[in-house]
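Close look at the chain arrangement
Listed here are the chains, written in short residue letters.
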Amino acid sequence: MNPQQRIDELTGRLNYLNQRYYQDAVSEISDEEFDQLLRELSDLERQHPELKHKDSPTQHVGGTISKEFPTVSHRYPMLSLSNTYSDEEILDWEERIRKAIPEETVEYICEQKFDGISLSIRYENGQLTMGITRGDGTRGDDITHNIKTLRTLPHRIEAEDLPPVFEVRGEGFMPLISFNRLNQERLDIGEEPLMNPRNAAAGTFKLQDSGEVSRRRLDCYLYSFLSDREIFQTHEESILALQRWGFNVSPTWKKCASIEEVIAYIREWETKRFDLPLNTDGIVVKVNSFAQQRELGFTAKSPRWAIAYKYKAQSVETTLRSVSYQVGRTGAVTPVANLEPVLLAGTIVKRASLHNANEIGRLGIRLGDYVFVEKGGEIIPKITGVNLDRRPEETEEIHYPETCPVCGTPLVQPEGEVARYCPNDKGCPPQIKGKLEHFIQRKAMNLDSLGEGKIELLYDKGLVTNPADFYDLTYEQLFGLEKVITDPETGKSKKIGFREKTTQAILNAIEVSKTVPFERVLFAIGIRYVGETVAQKLARYFKTIDAIRQAGVEELTNVPEIGGRIAQSVVEFFSAAENQELVARLQSAGLQLTLGEEAIIEQLSEKLSGKTLLYTGTFRSFEREELERLIEAHGGKLLSGVSGKLNFLIVGEKPGSSKVDKARKLNVAMISEDEFLNLIG
Ligand SMILES: NC(=O)c1ccc[n+]([C@@H]2O[C@H](COP(=O)([O-])OP(=O)(O)OC[C@H]3O[C@@H](n4cnc5c(N)ncnc54)[C@H](O)[C@@H]3O)[C@@H](O)[C@H]2O)c1
Ligand SMILES: [Zn+2]
């Protein structure tokens, strides 16, 4: 391939990958591979400047602005950072600095390179007024509402030394604890887990629904301060001020007097970073003095006074012994790789997730292969590739099963899905047990005393095959049951048995579960795609299970945030005879299948009775949640979108243009905040 062809190819590919990464929050290749390709392109462009494209990814910040949010120009451009994976290049960088500003002592500040998305947040007279993404570097998306959900970010600050207008910059990220919780919830309702915390954060910051953003518990660390009038001499002074003013600054930064100290910091954090509450992918080194920063200046894409040292992903090589297939509650069959145990980032790894059949094909792995295993913020590490150079003589093809590994039913693959399912949901043991486990979990019916193998025992004895069976259990049936269970990980066995105390505890817990509120019962019965939040929304809107059962797809999608896929799934669930029977049995067992008193919003008036409303924008007198409550308290119903059925669209400040346009087209009455207040008196 000649240089022209290679440059064309790399430019096209990298621009495409940038778009996938910034627009869709998807990484098709690893960051390290991306950086290698970018480096190759920039080397070629240096040798053949005449072949460089105008839109070369070496010349501009990779991000994009989107149509879903208002576009805002940055007061100060938001650039990228040049990066390196080697110590030598850190030394080369120092060399260039010495040449540019000879005979000056240079101090450095080392910081963690937090793996999230950059945010710029503006304050005017101490008040948070605007939060913007980096976008293309000159213009970004106005995501103020989402940024305001960050609990550690002050909305208002008061201090003597504050300039009237300033900006702070930092990284918005998803803490590992939030990421793992979110993925657990997704698995609970049968959705694919999110790939990594960075992409999860990027996707979340760009959601339209701030309520959902808030629920996902993002956070941010601030690392820079900008204002028209320069009030600090050094970067260190500015971070100390941010700390003093109450911004969330990671305490991991350090001032270094020499490049050797910088390298030592880099080494120190190579493994220590895994103890941090978020993912990081390297270290950012910045020249401390602002005067020196000014002298060093910028390239088209990044400051010359800073550099990012990126750690190579922690990856180990080990052999793939076998693949087992797990059947989940929804019937999805997922492959799990069993590995020759190996030490990775401080823990012994024996298994890795393979997600689905496509992944096995994409990686091209065979049994007996040497595979690379990496660990990110995920609970279970993943296989990222295969070492073909070391492929042994006898490897075996991996045959993804055609039939359920447990019950033998032929698997099905719904159109448009990557997962394969065992359709035998009424007779496949892991699916049934999975549904029972889902039912008893803390967030659902909270039948803790039935955990740890006890479900298994009840199922094996034929006592419980569906959640309603719990409520028919008697002391005589339970007392004296026993079973030896073996931990598949450790091989250790232990005996579980139902003596008097255990039996009584189980029966008590079952009795107490009859007081669990309706929304949690609705979640517990395990309708696909109905997670905790959706269950709450449905319960609050319809108030009784009968009303939900009778609702059609159309009425269901009227509920805020309920889309077609969820609505369809709810309708299907209630149309199946066995589910109707289940609900009837739960009802006669005395479970809460109507909204409790405490959850019913106190009715203030009937002024909005029979009316449907929706709002857009922000309001002076109330937050969104309050407004929603007010609408319901006055007898109104909140709709999910603008349609012919909508009576009023309440228009606040900075309304969404698509909602307003649609309302205008459909002749829906639009009212202001004050008019709404008049309406409810
Ligand atoms: N895998 C893919 O397909 C793909 C595609 C596009 C980009 N990428 C990755 O993204 C990189 C390009 O992204 P980029 O331009 O945002 O560069 P970058 O992420 O390498 O560095 C710049 C960013 O670092 C962040 N940062 C974190 N901690 C910081 C700190 N303490 N001080 C200052 N900044 C800090 C800021 O958000 C800043 O915008 C590529 O090098 C590649 O690794 C990957
Ligand atoms: Zn099966």
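Residues numbered from 1 in each chain as written. Chains lettered and ligands numbered in written order. Predicted model: local features only at pLDDT ≥ 70, side-chain atom pairs only at ≥ 80, totals over all residues.

Some details on the site of ligand 1
Near ligand 1 lie 24 residues; those nearest to it are Tyr21, Asp31, Ser80, Glu111 and Ser118. Elements supplying a minimum of two residues to the shell around ligand 1: α1 (3-23), α2 (31-47) and β3 (108-114). Looking at the shell around ligand 1 residue by residue, the classes come out as 10 nonpolar, 7 polar and 7 charged. (Near = placed C-beta within 6 Å. Helix = DSSP H or I, 4+ residues; strand = E, 2+ residues; numbered from the N terminus. Nonpolar A, V, L, I, M, F, W, Y, C, P; charged D, E, K, R; others polar.)

A closer look at the domain arrangement of the protein chain
What the domain assignment reports for the protein chain is domain 1 (3-51), domain 2 (71-310), domain 3 (319-421), domain 4 (429-515), domain 5 (518-599) and domain 6 (612-679). Relative placement of domain 1 and domain 3: their C-alpha centres are 30 Å apart. (Domains from an automatic or database assignment.)

Examining the environment of Glu28
Mapped onto the fold, Glu28 is located in the loop between α1 and α2. As for Glu28 and Asn466, which are separated by 438 residues in sequence, their C-alpha atoms are 41 Å apart. Every residue in contact with Glu28, bar those within four places of it in the chain, is listed here: Leu17 and Arg20. (Contact = placed C-beta atoms within 7 Å.)

Examining the UniProt feature "coiled-coil region" (unreviewed entry) in the protein chain
With numbering matched to this structure, UniProt assigns "coiled-coil region" (unreviewed entry) to residues 27-54. Taken as a whole, residues 27-54 contains 61% helix and 0% strand, while its terminal C-alpha atoms sit 24 Å from one another. (UniProt positions renumbered as here; feature names shortened; annotations may be inferred.)

A look at the UniProt feature "binding site: Zn(2+)" (unreviewed entry) in the protein chain
Summarizing the sequence annotation, UniProt attributes the feature "binding site: Zn(2+)" (unreviewed entry) to Cys404, Cys407, Cys422 and Cys428 in the numbering used throughout. Across 25 residues in sequence, these annotated residues keep their C-alpha atoms within 8.6 Å of one another, forming a single compact spot. Take Cys422: it is sitting in the loop between β17 (420-421) and α12 (429-440). Here Cys422 is in contact with Val327, Gly331, Val333, Cys404, Cys407, Thr409, Leu411, Cys428 and Gln431, once residues within four sequence places are set aside. Inspection of the secondary structure assignment puts Cys428 in the loop between β17 and α12. Accessibility expressed as a C-beta count within 10 Å gives 20 for Cys428, which makes it buried. (Buried ≥ 20, exposed ≤ 12 C-beta atoms within 10 Å, placed from the backbone.)

Topic: the pairing of strand β10 (residues 280-287)
Across the 8 residues of β10, 8 count as buried, placing the element largely inside the fold. Summarising the sheet, β3 and β10 pair through 7 bridges and their orientation is antiparallel. Residue pairing in the sheet places Cys110 in a bridge with Val285 of β10. (Pairing = 2+ DSSP bridges.)

Describing the nonpolar core
Counting 53 residues, the largest nonpolar core has Ile440, Leu522, Val530, Leu538 and Val570 as the members making the most contacts within it. Those elements giving two or more residues to this core turn out to be β13 (332-344), α12, α13 (454-460), α16 (518-524), α17 (532-542), α18 (545-550), α20 (564-575) and α21 (577-589). It is α17 that provides the largest number of residues to this core, a total of 6 residues. Ile143, Ala202, Tyr265 and Ile283 belong to the second largest nonpolar core, which has 46 residues in total. (Core = buried A, V, L, I, M, F, W, Y, C linked by C-beta atoms within 7 Å.)

Structural notes on the sheet that holds strand β8 (residues 219-226)
Taken in spatial order, the 4 strands of this open sheet run β5-β4-β7-β8, and their pairing is antiparallel. Sheet topology places β5 (127-133) and β8 at the edges, where each strand pairs with a single neighbour. Recorded for the sheet is a direction-independent mean angle of 30° between the axes of neighbouring strands. Pairing of strand β4 (residues 117-124) with strand β7 (residues 165-173) involves 8 bridges; the strand directions are antiparallel. (Axes fitted to C-alpha atoms, helices over the stretch in contact; angles between N-to-C directions.)

Here we look at the pairing of strand β22 (residues 648-651)
In regular strands, side chains alternate between the two faces of the sheet. Side chains Phe648 and Ile650 of β22 all project onto a buried face; the interleaved residues Leu649 and Val651 project onto the opposite face, where all are buried too. Across 4 bridges, the pairing between strand β20 (residues 612-616) and β22 is parallel. By the bridge assignment for β22, Thr616 is matched with Val651. In terms of strand pairing, β22 meets strand β23 (residues 669-672) through 4 bridges, oriented parallel. Considered in β23, the bridge of Ile650 is made with Ile671. Where the polypeptide runs from β22 across helix α23 (residues 657-665) and back to β23, its parallel neighbour, the crossover connection is right-handed. (Right-handed = clockwise from strand over helix to strand, strands pointing away.)

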